[in-house]
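# Structure at a glance
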Amino acid sequence: MNRFKTSKFKNTTPKIPKKDAWIANVRGGSFSSQGNHIKSSCSLVAFNTDQAGGGMVGLSSVNPGSDGKWIVTQIPCHADLVTDLDFSPFDDYILATCSADETVKLWRVCDPDQDQPSSPEVTLSPGDGRLEIVLFHPTTSGLIAVASTRGVHVWDTTRDSALTVLEQHADQLQGLAWKEDGSLLASSCKDKKLRIFDPRAQPSAVQCAQGLQGNKDSRILWIKDDNLITTGFNQVRQQEVKLWDRRKLSSSLSTVSLATSNATLMPLFDPDSGLLIVSGNGESVIDCFEVTASEPFLSQVSHCLTDTSTRGVALVPKLALDVSVCEILRVMQFTDNFIVPISYQVPRKAGQDFHADLFPDTVGHTPAMTADDWWKGENKQVERVSLHPNKTPKPNSASPKDLPRGKSKEVSERNMRKCPTVFSLEMIFENDYCFLSCSQEPSTSSSTLSSPSISAAPSRSPSSTSGLSSGFLQSPSPSQSSRAIQNMLGPSSKFRHIQGSVLHRDSHITNLRGLHLTTPGECDGFCANRQRVAVPLAIAGGQIAVFELSQPGKLPDTAPPTVQNVVSVADFCWDPFNPYKLVVAGDDAKIRVWHIPKGGLKETLTEPDSILQGHTEKIYSIKFHPHASGLLVSSSYDLTVRLWNLDTGVEIKRLSGHQDQIFGIAWSPDGKLLATVCKDGKVRLYDPRGSTLPVQEGPGPEGQRGARVVWVCDGKYLLVSGFDCRSERQLYLFSTDTLASGCVATAPADVSPSTLIPFYDPDTSVLILTGKGDTRVYIYEIVPEAPYFMECSSFNSSEPHKGLCFLPKTECDVCDVEVARAIRLSKTTIEPLAFRVPRVRKEFFQDDVFPDTAVWWESSLTVTDWLSGSNGQHRKISLRPKDMMPISEAPKEAPVRKYLPSSVYLEEKTDEQKKEELLSAMVAKLGNREDPLPQESYEGVDEDEWDD
């Protein structure tokens, strides 16, 4: 009888939206890994991207914004291909990634419109080679299974070692799956065998059977109870879907053969409805089957032909579905350029009743137990919740046990938002700052989900906690509120909301042609001063074009006059004290000094003013002294650093001690010391007027792909941008007093082959970094105490740039709170780029971000004076316009309440109150009229006549 029973899902229809409703700006690729390349939580979708060699992960939201569009962002995750990824079933914002770089990382991600974390919360290194699969445990918090090429590790993320390591497979592991209750693991292998593991009982398989016919890629899934699904190939290369009973692995219960194809089948299963989704990698077909406990076991529900080929597929969790339109499944189809949300709907009368037969209770967001409980042998099911719109709970944040290391600012902010304490929020503006005032009310919820959020917040002492609560209850002043919020979220920078923007096109130089885009890594790529820009050209003879910033516009199609350097350019820079002097280092180990005529190049220059000779091999980089006019330092492949007097053309000092390539050199702000960073993994300090050997030496970046060094914090620290041992870009901070002790702080950046080129503003202590070929500009405020690196908003461009060159502070528009002005070079344009700090009272001079600045474009001594032991100091000038009052002297404004407390809007009103408000509004609209009413002029009868 069951064989002929009609299924309620037989008419389920896949609905593909129009192309304008697809998630665009996706860069998929052909990835060689065992993962599905895309995963979804109730809030976010994460997917592989071909950027940075596959080491980046794309991120978007499950549902579009209010404008119907999706925002897509990328997170640099690994130094090699991201092979698989998975969201925690108990927190929409915890993402696990594994990679060919042999690491697993857990990320606390944010919504796509927010800045994503620059570093993971947890990093695990199984040490078992390339990793292929990562899976969160279905019932336990903080527990994951990680599969390498042949082995499987089970990790409690709060520990530094695996709970258990299962025995190696005989061949390449292809599929891995947890049982629904988390008690068992199943795997499929290239040796055609199915294995069942009980990780808590023994490391070897408790069951092993010959289950597959072909050794090509296979996948495996647990479905209800003891049943499994495998996808693979038969002996004639037909795609197959098989249903198995764990208790009888000798033969499958049912087999469905599909097309003859080389595409790997990726299965997805929904245990609530019993529906199985199968799609082939590289195919444009998505099949849907219903799995039943009796014959026919596997019955096809739909056969969907899509417009594009599939690279990966993922199921959106049931709690995120639209039950009002009877949406029982939503498949995210990952393609080369789009993610297509395909909605599977049952044709019912939608929008009226909740169809309980289609939507049984589903698993919630509350973990059933901890990793310790599971490891001790407990088996518990996750509490199920209703999908009825009036009963569906909101997703919970993860337990702090899931992410024990690294409490980032994003985590703290999200925990405050999800805290079970009800806060009444008000925005109060005082002077130039916006404060958040909170009043605390006891929560009426008794949910057990509250404790994780509270415990995940930054810890406070009892005294500070009581004071904080007291301040909230007494409606604190704006300054108290800002201090309270700062205590909760940690220190933050006044530049955290800095904004970079390209200035108007009228100031651009366009139609650049023939740029040399492969300058050495030690070269900045181009150089600029406040009057002109020099860019290398891809023309034989090391030619350099010079453009006047005062003459923007489209360049003619004809070739411009150039500086002919004879040999390829290794590095070049402008004399900071003479805007007409350009110094160029060439591949022939010579340094040429050129004079650019006033008004720019009118004809090609072929003869330099002077040539400096002494190096025996190609030169890496050159730098001018910050105070002494005519003093230049250079580093070379001959492993020496040499000082030159440009006025006489003579070498005056030679420094030694390097064992390998010199990546970067930098003068200290006072010009007394010289810092270098070398490929031999050392950072060195020299006193050029003293010994030729370093006076201090310490360990530098482990990576050998390149590095830069700059002095920060009044010359007390060195900032080095380089690479770690996994070739990930990293920032290192060294104290110049204890260089031998190593770095005092590090900050991870991302995965990219280009070295980050740093610019440091000593007035604001703001560090701006970007690499040649990057699209992102990183910004930090550097402070001389913990946390050292205070990350600010980054600037992103749509096209990659060759780099940035920064201009003197006098070029900034202080009236618009512009704290830095840069010149940005792209493939065809030169564009001014402004970095501004958003402020409210711009009519006042913001003296807190504009202190007196050093006139570093004027020399303070000569080479002879410096060699004799003199030390110069730049004079300082104020940037304040004469007609602007400093903000520090501005009259204080009374705090103005801009918004009512949220409790006003959330307050429930009775019907009587609503009627009273409506009547009052109508009366107010009519106004108080003094005119007599029309009925007052009517004639009536005398009052005594009514007595009759």
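For the structure, see preceding data.
First things first, this report covers the structure right here in the doc. Predicted model only: the values in this text are computed from it and were never measured.

Calculation criteria
Residues numbered from 1 in each chain as written. Predicted model: local features only at pLDDT ≥ 70, side-chain atom pairs only at ≥ 80, totals over all residues. Heavy atoms only, no water. Helix = DSSP H or I, 4+ residues; strand = E, 2+ residues; numbered from the N terminus. Buried < 20%, exposed > 50% of the residue type's maximum accessible area, 1.4 Å probe, protein only. Contact = heavy atoms within 4.5 Å. Areas by Shrake-Rupley, 256 points an atom, 1.4 Å probe, with all protein chains shown as cover. Pairing = 2+ DSSP bridges. Axes fitted to C-alpha atoms, helices over the stretch in contact; angles between N-to-C directions. Core = buried A, V, L, I, M, F, W, Y, C linked by side-chain atoms within 4.5 Å. Phe/Tyr/Trp six-rings, centres within 6.5 Å; stacked < 30°, edge-to-face > 60°. Salt bridge = Lys/Arg side-chain N within 4 Å of Asp/Glu carboxyl O. Polar contact = N/O pair within 3.5 Å; in protein donor to acceptor, adjacent residues only side chain to side chain.

## With respect to the overall build of the protein
Each helix and strand in the protein was counted, giving eight helices and 68 strands. Sorting the 948 residues of the protein into buried and exposed places 52% on the buried side. Summarising the internal contacts of the protein: among those between residues at least 6 apart in sequence, 53% fall at separations of at least 24. Entry remark: accessible area of the protein is about 42300 Å², with carbon and sulfur atoms responsible for 48%.

## Considering the sheet that holds strand β20 (residues 238-245)
Spatially, four strands are ordered β18-β19-β20-β21 in an open sheet, and the strand pairing comes out antiparallel. Taken across any chain shown, the strands that pair with only one partner, and hence form the sheet edges, are β18 (219-222) and β21 (254-260). Looking at each pair of strands side by side, their axes are set apart by 15° on average, direction ignored. The pairing of strand β19 (residues 227-233) with β20 spans seven bridges and is classified as antiparallel. Considered in β20, the bridge of Thr231 is made with Val241.

## Some thoughts on the pairing of strand β48 (residues 650-655)
Two elements, strand β47 (residues 641-645) and β48, share five bridges in a ladder whose sense is antiparallel. By the bridge assignment for β48, Trp644 is matched with Glu651. The antiparallel hairpin formed by β47 and β48 contains four residues in its connecting segment, where Gly649 sits at a positive phi of about 70°.

## Digging into the nonpolar core
Counting residues in hydrophobic clusters, the biggest one holds 45 residues, and the most contacted among them are Ile38, Phe47, Ile277, Ile328, Ile339 and Tyr344. Elements with a minimum of two residues in this core: β3 (44-48), β22 (265-270), β23 (275-280), β24 (285-291), β25 (298-305), β26 (312-315), β27 (327-334) and β28 (339-345). Element by element, the count of residues in this core is highest for β27, at five residues. Each residue touching Ile277, except ones within four places of it in the same chain, is listed here: Met266, Pro267, Leu268, Ile286, Asp287, Cys288, Leu329, Val331 and Tyr344.

## Focus on the environment of Pro753
Tracing the chain through its elements places Pro753 in the loop between β56 (745-748) and β57 (757-761). C-alpha of Pro753 to C-alpha of Gly771: the two residues are 18 residues apart in sequence and 8.8 Å apart in space. Once you skip the residues sitting within four places of it in the chain, Pro753 turns out to touch Arg705 and Phe723.

## A word on the packing of aromatic side chains
Here a ring pair, both rings aromatic, is described through the centre-centre distance and the interplanar angle of the planes. Counted according to the given criterion, the structure contains 14 aromatic pairs. Ring centres 5.4 Å apart and planes at 75° place the aromatic pair Trp22 and Phe338 in the edge-to-face group. Taken as a pair, Trp22 in the loop between β1 (13-15) and β2 (38-40) and Phe338 in the loop between β27 and β28 lie far apart in primary sequence, 316 residues in all. Residue classification places Trp22 among the buried positions, given a relative accessible area of 7%. The buried category is assigned to Phe338, whose relative accessible area is 19%. Pairing Trp856 with Trp857 gives two aromatic rings, centres 5.6 Å apart and planes at 80°, and the pair type is edge-to-face. Taking relative accessible area as the criterion, Trp857 reaches 15% and is therefore assigned buried.

## Some words on the pattern of salt bridges
For side chains bearing opposite charge, pairing can occur when the charged atoms are close. Inspection of the entire model under this criterion finds 40 salt bridges. Asp372 serves as the salt-bridge partner of Arg159, at 2.7 Å between the closest nitrogen and oxygen. Separated by 213 residues along the polypeptide, Arg159 in the loop between β12 (152-156) and β13 (164-166) and Asp372 in helix α1 (residues 371-375) bring together distant segments of the chain. Among the residues examined, Arg159 registers a relative accessible area of 35% and is labelled partly exposed. Across the pair Asp524 and Arg708 runs a salt bridge, and its minimum N-O distance is 2.7 Å. Here Asp524 is found in the loop between β34 (509-510) and β35 (527-528), whereas its partner Arg708 is found in strand β53 (residues 708-712), with 184 residues between them in sequence.

## Examining the side chain of Thr362
Relative to the assigned elements, Thr362 resides in strand β29 (residues 362-363). Residue classification places Thr362 among the buried positions, given a relative accessible area of 5%. Of the polar contacts made by the side chain of Thr362, one reaches the side chain of Asp272; its length is 2.7 Å. With residues up to four places along the chain from it excluded, the contact list for Thr362 reads Asp272, Lys318, Leu319, Glu383, Arg384, Val385 and Leu387.

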